[in-house]
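Chain by chain, the residues:
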Amino acid sequence: MHPAPTHLLLDLDGTLYPEAVGLWPAIKERIGRYLTERLGLSPVEAQRLRREYVQRYGTTLRGLQLHHGVDPQDFLAFVHDLPIEEMLQPDPRLRAILEAVSQPKWVFTNADEPHTWRVLRRLGIDDLFAGIIDLVATDFHPKPHPHAFAVALTRLGHPPARSVAVLDDLPRNTRAARQLGFLSVLVGSEPAQPDDAHFFLPNIYHLPTLSF
């Protein structure tokens, strides 16, 4: 049994809304288009490079910054240029669940702040969050990089990591959070390894069942 956390850090894409809505696959398609249109790669080369950079650096963007001198703001604007209002709907059920959580809630995401606010507003939950810790705030060091988690603690006012719960749909991120001393909660996929996370939720709607 863990003590109840004082803060919650919630991922955005794939966590606060399910991947099944198609937004995250659409973002990945836009990333592929960026690589073909801006870097002149073939679709096959673009897919290979995206996978390589995600594996090595956590995001495609970080690899593009390090190896291709890509303007991050140009990249982020391009890949998030999507009709979010057509792809997502307001979620009263999610709102009720988050309203019942007394701890301050922050979005901790490898996306950028404009995209995050658009998603939160469309879901009808933007007023429930204390703030957003995005890829720009972490100096483009994405989760699971330790610097991203250090920035998050600073933004929260330097609470001990063990008192902060990190909820994310990617095992590499929850595993890193656990290794750094956070409470980690994997959302949406069964843990493949015992150290992937402290807790598992089938989806964000199971948040009320979580007993720390």
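Above this text sits the structure in question.
Quick caveat, the model's predicted, so the values are computed rather than measured. (Residues numbered from 1 in each chain as written. Predicted model: local features only at pLDDT ≥ 70, side-chain atom pairs only at ≥ 80, totals over all residues. Heavy atoms only, no water.)

Remarks on helix α7 (residues 113–123)
Our working rule: Partly exposed describes any residue whose relative accessible area lies between the buried limit of under 20% and the exposed limit of over 50%, with all areas from a 1.4 Å probe on protein chains only and scaled to the type maximum. For the purposes of this entry, the term helix denotes a DSSP run of H or I that reaches at least four residues, the term strand denotes a run of E that reaches at least two, and both are numbered from the N terminus. Directions pointing from the helix axis toward each C-beta atom define the arc. Only heavy atoms enter the contact rule, under which two residues are in contact if any of them lie within 4.5 Å.
Those residues of α7 that fall on the buried side of the exposure criterion are His115, Thr116, Val119, Leu120 and Leu123. The arc enclosing the buried residues of α7, seen along the axis, measures out at 130 degrees, which places them on a common side. Its buried side turned inward, α7 meets α1 (23–39), α5 (84–87), α6 (92–99), β2 (105–108) and β3 (131–133). Positive backbone phi, approximately 80 degrees, marks Gly124, located one or two places after α7.

Details of the pattern of salt bridges
Here is the rule we go by: A pair is scored as a salt bridge if a Lys or Arg side-chain nitrogen falls within 4 Å of a carboxyl oxygen belonging to Asp or Glu.
For the coordinates displayed, the defined rule picks out 11 salt bridges. A salt bridge links Arg95 to Glu99, with the shortest nitrogen-to-oxygen separation between them at 3.4 Å. With Arg95 and Glu99 both in helix α6, this residue pair falls four residues apart, about one helical turn. The partly exposed category is assigned to Arg95, whose relative accessible area is 23%. Among the ionic pairs, Arg175 bridges to Asp196, the shortest N-O distance being 2.9 Å. Residue Arg175 is found in helix α9 (residues 171–179), and its partner Asp196 is found in the loop between β5 (183–187) and β6 (199–201); the two are separated by 21 residues along the sequence. Each of Asp11, Lys143 and Asp168 takes part in a single network of salt bridges with overlapping partners.

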